[in-house]
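Residue-level structural notes
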Amino acid sequence: MKYFKLETDKPALSYKVGEKMIFKITARDHAVNIDCRYLYWTFSGDDGKQASGISQISKDKPLILETSCDRPGFVHLYCRAIDEYECADETFEEFNGGASAEPEKILYHDDLPADYNEFWNKTKNTINNFTPVFTEKKKIEFGVKSGFECFDVRVSTPFGRSASGYLSIPSKPGKFPIKLYFMGYRISGADMCFEDDTITFVINAHGIENGITGVDLKKMYPELCNYGFDNQENQTPKSCYWYGMIIRDLCAAKAARTLECWDGKTLTVNGGSQGAFQALSVAAHDSNVTAADVTIPWFCDLNAENCGYQAGWRPTYAQGLRYFDTVAAGMSISCPVRIRAYLGDYVCPPSTVMALYNSIRSIKEITFVQGGTHSYRHPEPIGFLLTSQPKIRQDHYKMFDGSHINVEQLTEDESTGEKYIVYRKDCCDKLFVKREDELLEMIYICNSFVPIITKE
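Residues numbered from 1 in each chain as written. Predicted model: local features only at pLDDT ≥ 70, side-chain atom pairs only at ≥ 80, totals over all residues. Heavy atoms only, no water.

1. Focus on the sheet that holds strand E4 (residues 36-45)
Across the sheet, four strands lie side by side as E5-E4-E7-E8; this open sheet has antiparallel pairing. With one partner strand each, in any of the chains shown, strand E5 (50-57) and strand E8 (95-101) form the two edges of the open sheet. Going from strand to strand, the sheet's axes swing by 20 degrees on average, the running direction of each strand aside. As judged from the seven bridges shared by E4 and strand E7 (residues 73-81), these two strands associate in the antiparallel manner. Across the sheet, Thr42 pairs through a bridge with Tyr78, a residue of E7. (Pairing = 2+ DSSP bridges. Helix = DSSP H or I, 4+ residues; strand = E, 2+ residues; numbered from the N terminus. Axes fitted to C-alpha atoms, helices over the stretch in contact; angles between N-to-C directions.)

Encoded structure:
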C-alpha cells in the first residue's frame, strides 16, 4: 500500500506560538518517493484555524504547506489521495499527523472538584479496610506458554461485581515483579500474557467472564452496550460506570500483592487507551505502584473541547466524570511515568495527552510519533521525545492555587545537604523559603521541565 510521509522544518514539538510551520509531504511506496496525481489535504488547529486544498505531488517535487498555531496547541494535518472525480484513491493509505506550538504550556482546562481529594480518600479507605482475595483460581491448560502457569481468576471487591482476569506466573521457583495490564474500550474478557521472569495479571475491565467471544458476551451483558456514555449516570461520581471499574482495578492490584511469589518491590501498571486510563488511575490511587508505562492515554482533559480545543472520542463532559479525568489522576502520581502517543490520534487528541503529561510532577517522559493514529502505525515512524526531571531552577512557576511565584535563589544546608528555594510571590515583595521537595508539591506545572526534543 502506498502512503504519505510528513517532515517538518523543525522538530514537530518545538514551534513557538504564531511561528510558521513548514510541512513537506511526499508520496511513498516502500520508502521510495513516487507521484500522487491528486492529494486532498486539510489543516485543523487547536487555535480554531482551518484550511484545505487539492494539490499534486511528484517524486521529485514534494508538496510544501505552511501553517501556524496561535496558542499553545497542535495542528492536525489530514491527507487523502483522490482521483479526477475527487473519489478516494484506495491504493493510498490516508495520512494523519501534525505539529505543536509550545506544548509544554498546555494546561488542564478544568479545576479539580472541591471534594475531589475527599472522594478519593474515602474510596481508598474503603479498599484499605477491605481484604480482596482470589475467590476463584482456575488453572488454564491450553494456550499457556511453556515455563508458566496461568489461571482464570476472580477477586472479591467491597461492593458490586468482582474483578477478573488472567494471572500468569513463572513455574520455576523464585520471587518476581508484577506487571498489571489493562485493556482498551470493548466488551470482552481479558487476554493472556506471558513475560519472562514476571508475574503478569491482565485485568478484565468489567469483571465478566474470560475466554468467551465478544459476540456472546454482548448477548450476556446487553447493559454494557455503550458503557460509560450514559449522561445521566455521569452526573455524579458514584453513579458513573468508571467508579466500579476503578474499584475493581484497585482491588485486583491489592490482591496481586498478596502473592507469595511477588518480589515485594516492583509493581508496574501498563495499558493503552482505556487501559492507560485505568493504569494511571491505579498509579494515582495506589502508592505501591512503582512505574507506569502507557500508550495513547484516553479520558484526558475532558473539558478541553469546551475551551476550543479539537475534540476526541469520549463521553460528553459531565460533573461526575471530572473525578475520573486522567489529567486529574496524573496530578497525584508519584512514580515514574512513560507515555507513547501519536500526532495523528484524534480519538485521544494530542493536546489532551500533553495536558496529562504537564500535570504529572514525578519523573516522566512522552514520545509523540508522526503519522500514527489511535490504531494505525506508519511504515516510516519518526518519534519526538519530551522528558523531564523534577528539579527547580530560577524561573517562573504556576502554583496549584492559581498564584505565581518567581524563584530568586537556590541554596543548600551545608550540614544536612537539604536544598532550599528562596522565592517571591507575584505582587508581593516579601521573600519566602521552602525546601525544594515541599515546593515541588505545590507547583502545578514547572517551566523548568523544558522538554528535550529529539527524533526517535
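2. Here's the deal with the environment of Asp29
By secondary structure assignment, the location of Asp29 is in strand E2 (residues 21-29). Among the residues examined, Asp29 registers a relative accessible area of 27% and is labelled partly exposed. Placed 292 residues apart in sequence, Asp29 and Leu321 show a C-alpha to C-alpha distance of 44 Å. With residues near it in sequence (within four places) discarded, Asp29 still touches Met1, Lys2, Tyr3 and Ile34. (Buried < 20%, exposed > 50% of the residue type's maximum accessible area, 1.4 Å probe, protein only. Contact = heavy atoms within 4.5 Å.)

3. Structural notes on the side chain of Gln310
For Gln310, the location among the structural elements is in the loop between strand E15 (291-295) and helix H5 (326-330). Here the side chain of Gln310 touches Phe74 through a polar contact of 3.5 Å, landing on its backbone oxygen. With near-sequence residues (within four places) excluded, Gln310 lies in contact with Ser44, Gly45, Asp46, Phe74, His76, Tyr346 and Pro349. (Polar contact = N/O pair within 3.5 Å; in protein donor to acceptor, adjacent residues only side chain to side chain.)

4. Some details on helix H1 (residues 116-128)
The end-to-end C-alpha separation of H1 is 18 Å, in line with the 18 Å expected for 13 residues at 1.5 Å each. Those residues of H1 that fall on the buried side of the exposure criterion are Tyr116, Phe119, Trp120, Thr123 and Ile127. Projection of H1 onto a plane perpendicular to its axis shows the buried side chains occupying an angular sector of 85 degrees, all on one side. Exposed and facing more than 90 degrees away from the buried side of H1 are Lys122 and Asn128. Residues of H1 that are buried in the fold lie against helix H3 (241-256), helix H4 (274-285) and H5. (Expected span 1.5 Å × (residues − 1). Arc of directions from axis to C-beta.)

5. Regarding the nonpolar core
Among the nonpolar cores identified, the biggest contains 112 residues, and Phe4, Ile25, Leu77, Leu180, Trp242 and Phe324 are the most heavily contacted of them. When residues in this core are grouped by element, the largest group, twelve residues, is from H3. Apart from the residues within four sequence positions on either side, Leu180 is in contact with Phe201, Ile203, Ala253, Ala256, Leu267, Thr268, Val269 and Asn270. (Core = buried A, V, L, I, M, F, W, Y, C linked by side-chain atoms within 4.5 Å.)

6. A few points about the pairing of strand E11 (residues 163-170)
The element E11 is extensively covered by neighbouring structure, given that eight of its eight residues are classed as buried. The two faces of E11 match: Ala163, Gly165, Leu167 and Ile169 on one face and Ser164, Tyr166, Ser168 and Pro170 on the other face are all buried. The sheet contact formed by strand E10 (residues 148-155) and E11 spans eight bridges and is antiparallel. Bridging across to E11, Cys150 finds its partner in Ser168. When E11 meets strand E13 (residues 199-203), the two strands line up antiparallel, connected through four bridges. Of the residues in E13, the one forming a bridge with Gly165 is Ile203.

7. Some thoughts on the packing of H1 against H3
As a packed pair, H1 and H3 sit with axes 11 Å apart at the nearest point and diverge in direction by 45 degrees. By the angle class used here, H1 and H3 are oblique. Relative to H3, H1 is oriented so that their crossing is right-handed. Of H3, the residues touching H1 (which contributes Phe119, Trp120, Thr123, Ile127 and Asn128) are Tyr243, Ile246, Ile247, Leu250, Cys251 and Lys254. Split by residue class, the contact of H1 with H3 holds eight nonpolar, two polar and one charged. (Parallel < 35°, antiparallel > 145°, perpendicular 65-115°, else oblique. Left-handed = near helix turned anticlockwise from the far one by under 90°. Nonpolar A, V, L, I, M, F, W, Y, C, P; charged D, E, K, R; others polar.)

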